[in-house]
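Chain by chain, the residues:
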Amino acid sequence: MIASGKTGVTAASAIQRCIEPKCGASYGINEWLYVCPRCGGLLDVEKRPESIGDASTLRELWAVRLSSFDPKDRSGVWRYRELLPFADDAPMVSLTEGNTPLYEAPRSARYCGLDSLKLKHQGCNPTGSFKDTGMTTAVTQARILGARVVVCASTGNTAASLAAYAARADLPCAILVPRGQVSHAKLAQSLDYGATVLELDGNFDDAMRVIRELTQDESIYLVNSINPFRIEGQKTVAAELLQQLDWQVPDHMVVPGGNLGNSSAFGKGFVELFELGLIDRLPRLIVVQAEGAAPFAHFFARHEEDLLNEESPLDFAVVDHPETLASAIKIGAPVSWQKAWRALRWTNGRVLTVSEQEIADAKAIIGRDGIGCEPASATTVAGAKQLVASGLIRNDEVVVAVLTGHLLKDTDYVINYHSETLYAREGDETEGAGIIARYSNHPKRVKAAKHAVLAALPG
Ligand code: F0G
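Since the model is a prediction, treat every value here as computed from it, not as a measurement.

A.B. asks: Just to check I follow, could you spell out the site of the ligand for this structure?
C.D. replies: Of all residues adjacent to the ligand, which total 21 residues, the nearest are S154, G258, N259, L260 and T404. One of the backbone nitrogen or oxygen atoms of T158 is found 2.8 Å away from an oxygen atom of the ligand. G258 has a polar backbone atom sitting 2.8 Å from an oxygen atom of the ligand. When the free accessible area of the ligand is taken as 470 Å², the share hidden by the protein chains comes to 99%. The set of elements that each furnish at least two residues to the shell around the ligand consists of α5 (157-169) and α9 (261-275). Its residues assigned to classes, the shell around the ligand comprises 7 nonpolar, 12 polar and 2 charged.

Structure (structure tokens):
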């Protein structure tokens, strides 16, 4: 029997390393960096495998922790702390994140043409999105570094998550959001958790540019997914998922793509589990973008053949005016595209786009499974349907789609869809611009009388 206590891990067994093959410079784990000072490349956290442990010990340890009430074991991120770059006495900032369900979704499966479909619902995290799994580690690192203030640019979910974790850590925080483009629910969360909310005249990419300039000032700590400590937390979702699947590797992992931190994290997570001998193959990573905000899909379409080369092509073209009703992924200049490209190379991955109509249809179907999600998350089911139709996914393969955000994150979208007043482009309500609400479910007005209610009952 293995105790779930101390692991003997020290922060010294980890470093930061530039991901660019031509550079590969390494830095101390507690150096205050976001990109490589030498070449500007993105940074990875790297741990010496011998400091992690062998596969059977890890499996047993992680299984034992499921029945422990130690806060470090209750967190679905810190439960897998052998994979993380922190010492045993790190000042963990946690809201008991992770532990998200893996649902069978029979209606969504039928809709896609699959025998079965599993949905990993990251919207069941404490602030309603997958961001919490990375925020717990990034804000812990902010504490270790002694940050004065923590900041992020956001389409809403990162902001809500940072606001909550900063409040837990008693750290001042500011969030930069594109004015008028963030759902009320997400904004409400950030306000309630006490963040300084800065509404920027511009889109998410403008906010990201400004915030990166801000952080040249040390003491302001940036926790967008360019920060490698965010990716470290998010990668543990791969371990939690595989544990839920009894270490049987799915054939396809489908994720939405925005800033591309999540795709990067899944890639890193799976590869590390593979290198540790916890799994014997890698799932294929499938990234789905909204048609109007799809710079990574365009890049993939141009360079699919280059996936076999170790060096990435460099001509990534940003989308200047990204457009989608899935506001969480309305992003034209994703900061982590090189890491996401690497994840595709490792897993023989794919990138595709889905239309606003496909997103809306898929979202309504996920709802009918009793699960629900926000629009960005529904790209995954829409994408899986496309790939089954085109033959890239066989109907008997094991497919996991990641739902990144909770249904209640964007209720305006839902109400507009079911009232048949959802338009593909904001402000354009002309004939033909509407989303067809194939699965709409109107509220029905009834008299305050028993017979009226009885007459309106279904079934
Ligand atoms: N799904 C949801 C619900 C999101 O909030 C995001 C990103 C994504 C998918 C895309 O993930 O950026 O890692 O590729 N939201 C960020 C934010 C940009 O600010 O909340 P990604």
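Still more ground to cover, so stick around.
A.B. asks: When you look at α5 in this model, what are you seeing that I'm missing?
C.D. replies: Think of an α-helix as 3.6 residues a turn; residues three or four steps apart then line up on the same face. The terminal C-alpha atoms of α5 lie 18 Å apart, and with 13 residues this matches the ideal 18 Å at 1.5 Å per residue to within 8%. Counting buried positions along α5 gives 11 out of 13 residues, so the element sits mostly inside the fold. Restricting attention to buried positions, one finds in α5 the residues N157, T158, A159, A160, S161, L162, A163, A164, Y165, A166 and A169. In the core, the buried residues of α5 are packed alongside α4 (131-145), β6 (149-153), β7 (173-178), α6 (184-192) and α8 (228-244). Downstream of α5 by one or two residues, D170 has phi in the positive range, about 60°.

A.B. asks: I tried to follow the packing of aromatic side chains on my own but got confused; where do I start?
C.D. replies: Geometry of an aromatic ring pair is reported as the spacing of the ring centres plus the angle between the planes. Throughout the structure, instances matching the rule amount to 14 aromatic pairs. Aromatic pair W78 and F86: ring centres 5.2 Å apart, planes at 35°, arrangement tilted. Between the aromatic rings of F86 and F229, the centroid separation amounts to 6.1 Å while the plane-to-plane angle is 45°, which identifies the pairing as tilted. Of this pair, F86 sits in the loop between α2 (71-74) and β4 (102-104) while F229 sits in helix α8, and the two are 143 residues apart along the sequence. With respect to class, F86 is no different from F229; both count as buried. Grouping aromatic residues by their ring pairs yields a cluster made of F296, F299, F300, F316, W337 and W341. When the ring centre of Y111 is taken as origin, the NZ or CZ atom of K385, which lies over that ring, is 4.5 Å away.

A.B. asks: For this particular structure, what's the right way to read empty space enclosed by the protein?
C.D. replies: Empty space among the atoms can be located by rolling a probe the size of a water molecule over them. Inspection of the entire model under this criterion finds 4 cavities of 30 Å³ or more. The volume enclosed by the largest cavity comes to roughly 300 Å³. Within the residue set of the lining of the largest cavity, elements represented by two or more residues are α5, α8 and α9. No other element matches α9, which puts 3 residues into the lining of the largest cavity. Along the lines of polarity and charge, the residues of the lining of the largest cavity split into 9 nonpolar, 16 polar and 3 charged.

A.B. asks: Where do I start with the packing of α9 against helix α11 (residues 337-347) in this structure?
C.D. replies: Where α9 contacts α11, the axes come no closer than 8 Å and their chain directions differ by 45°. With respect to α11, the element α9 is oriented oblique. Our pair here, α9 against α11, has a crossing hand that is left-handed. Within the contact between the two elements, α9 uses S263, S264, G267, K268 and V271 and α11 uses K339, A340, A343 and W346. Tallied by class, the residues present in the contact of α9 with α11 amount to 4 nonpolar, 3 polar and 2 charged.

Criteria and thresholds
Residues numbered from 1 in each chain as written. Predicted model: local features only at pLDDT ≥ 70, side-chain atom pairs only at ≥ 80, totals over all residues. Heavy atoms only, no water. Near = heavy atom within 4 Å. Polar contact = N/O pair within 3.5 Å; in protein donor to acceptor, adjacent residues only side chain to side chain. Areas by Shrake-Rupley, 256 points an atom, 1.4 Å probe, with all protein chains shown as cover. Helix = DSSP H or I, 4+ residues; strand = E, 2+ residues; numbered from the N terminus. Nonpolar A, V, L, I, M, F, W, Y, C, P; charged D, E, K, R; others polar. Expected span 1.5 Å × (residues − 1). Buried < 20%, exposed > 50% of the residue type's maximum accessible area, 1.4 Å probe, protein only. Contact = heavy atoms within 4.5 Å. Phe/Tyr/Trp six-rings, centres within 6.5 Å; stacked < 30°, edge-to-face > 60°. Lys NZ or Arg CZ within 6 Å of the ring centre and 35° of its normal. 1 Å grid on protein atoms, 1.4 Å probe; cavity = no way out; pocket = protein on both sides within 12 Å on 5 of 7 lines; lining within 4 Å. Points joined across faces, edges and corners; volume = space filled by probe spheres on them. Axes fitted to C-alpha atoms, helices over the stretch in contact; angles between N-to-C directions. Parallel < 35°, antiparallel > 145°, perpendicular 65-115°, else oblique. Left-handed = near helix turned anticlockwise from the far one by under 90°.

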